[in-house]
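# Reading the structure
Listed below are the residues making up each chain.
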Amino acid sequence: SRPGEGEGIPFFPNHLLRSFIISVVVLAVAISLAALFPRPIGELANPDAPPAELVSSWVGVDVSLAIIRYLGVWGLALFTLVAVSLALLPLFDRGPESRLSRRPLAVTLGVLFIVGTIVAWLVGHRLHPLPPDAVPSAVEQSAAGEAPDVPIPAIGPAPIRPAQPDTSGGGGGNP
């Protein structure tokens, strides 16, 4: 039977436990899919030769890149405000109505956030990977007066080398 008009199910522990279980299941599925079907994003790392282009497989990077590039810092702040408002909306909109047709603020914020994310992701995904000819070679950089790319120096202690045998023929005495 469905609870009456004034009754309901308590948030804690009922709804919170259900939300936690759903979150754990979604996270387990995402981690399992990532482990079973990894997405390589480039060659293996080589500290002596930095990559000519940087590619990220994170949607957030593409979305942020597009928003900052086309809307600036204020656009990113506004987009973040929409996301935070959408997340905090249940705390402030305490009305009993659950139909979306009677909750225009929730629908507007949700549609704005989802459409904005998809559009920014598509735009950012097109912007992010650099074509190979967009990265100047070391010869072009030096011709233009720029410092050419140099290998990154090793960081940390020097490797331990095995001791070399004494081949001077001195017999190990003092010179």
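In this numbering scheme, every chain counts its residues from 1 along its sequence in written order. Since the coordinates come from a predicted model, pLDDT governs what is reported: local features require at least 70, and pairs of side-chain atoms require 80 or more to be given and counted, while whole-chain, interface and lining totals use all residues. Hydrogens are left out, water is left out, and the side-chain values use all remaining heavy atoms of the structure.

Okay, the overall build of the chain next. Secondary structure assignment for the chain yields four helices and zero strands. Across the 175 residues in the chain, those meeting the buried criterion constitute 9%. We call two residues in contact when some of their heavy atoms are within 4.5 Å. In the chain, 65% of the contacts between residues at least 6 apart in sequence involve partners at least 24 apart. Only the protein chains shown count as cover for residues, and the accessible areas themselves come from Shrake-Rupley with a 1.4 Å probe. Accessible area for the chain stands at about 15100 Å²; split by element, carbon and sulfur atoms hold 68% of it. By the criteria applied, helices consist of DSSP H or I runs no shorter than four residues and strands consist of E runs no shorter than two, each listed in order from the N terminus. Accessibility here uses a 1.4 Å probe with only protein chains present; expressed as a share of the type maximum, an area under 20% marks a residue as buried, one over 50% as exposed, and anything in between as partly exposed.

Time to look at the nonpolar core. Counting five residues, the largest nonpolar core is built from V63, A66, I67, F79 and A120. It is helix α2 (residues 59-92) that provides the largest number of residues to this core, a total of four residues. Setting aside residues no more than four positions away along its own chain, I67 makes contact with G72, G75, L76, F79 and A120. We define the nonpolar core as a collection of buried residues of types Ala, Val, Leu, Ile, Met, Phe, Trp, Tyr and Cys that are connected through side-chain atoms lying within 4.5 Å of one another.

A cis geometry characterises the amide bond from F12 onward to P13, with omega recorded as 5 degrees. Here P13 is to be found in helix α1 (residues 11-36).

In this section: a nonpolar patch on the surface. Patches were defined on residues exceeding 30% relative accessible area and lacking a salt bridge, with like-charge contacts within 9 Å and nonpolar side-chain contacts (Val, Leu, Ile, Met, Phe, Trp, Tyr) within 5 Å. The rule for a salt bridge is simple: a side-chain nitrogen of Lys or Arg has to be within 4 Å of a carboxyl oxygen of Asp or Glu. A contiguous nonpolar surface patch, about 920 Å² in accessible area, is contributed by L17, F20, I21, V24, V25, V29, L33, L36 and F37. Note that V25 resides in helix α1.

This part is about α2. One fewer than the residue count of a helix, multiplied by 1.5 Å, yields its expected span. Helix length check: α2 (34 residues) gives 29 Å between terminal C-alpha atoms against 50 Å at 1.5 Å per residue, more than 12% under. Two axes are fitted around each residue, one to the seven residues ending there and one to the seven starting there, and the angle between them is reported as the bend at that residue. The sharpest bend along α2 comes to roughly 130 degrees, located at L71. Looking at α2, one finds that the buried residues are D62, V63, A66, I67, G75, F79, V82 and L89.

Let's shift gears to the confidence of the model for the chain. Confidence scores labelled pLDDT are given residue by residue by the predictor and lie between 0 and 100. Of all residues in the chain, 63% have pLDDT values of 70 or greater, and the mean over the chain is 76. Least confident of the elements in the chain is helix α4 (residues 138-143), whose mean pLDDT is 48; most confident is α1, at 93. Per-residue pLDDT stays below 50 along residues 130-143; that stretch engages in 10 contacts with residues further than four places along the chain or on separate chains.

Time to look at the environment of I118. Of note, I118 is situated in helix α3 (residues 104-127). Considering only alpha carbons, one finds I118 and V59, 59 residues apart in sequence, at a separation of 9.5 Å.

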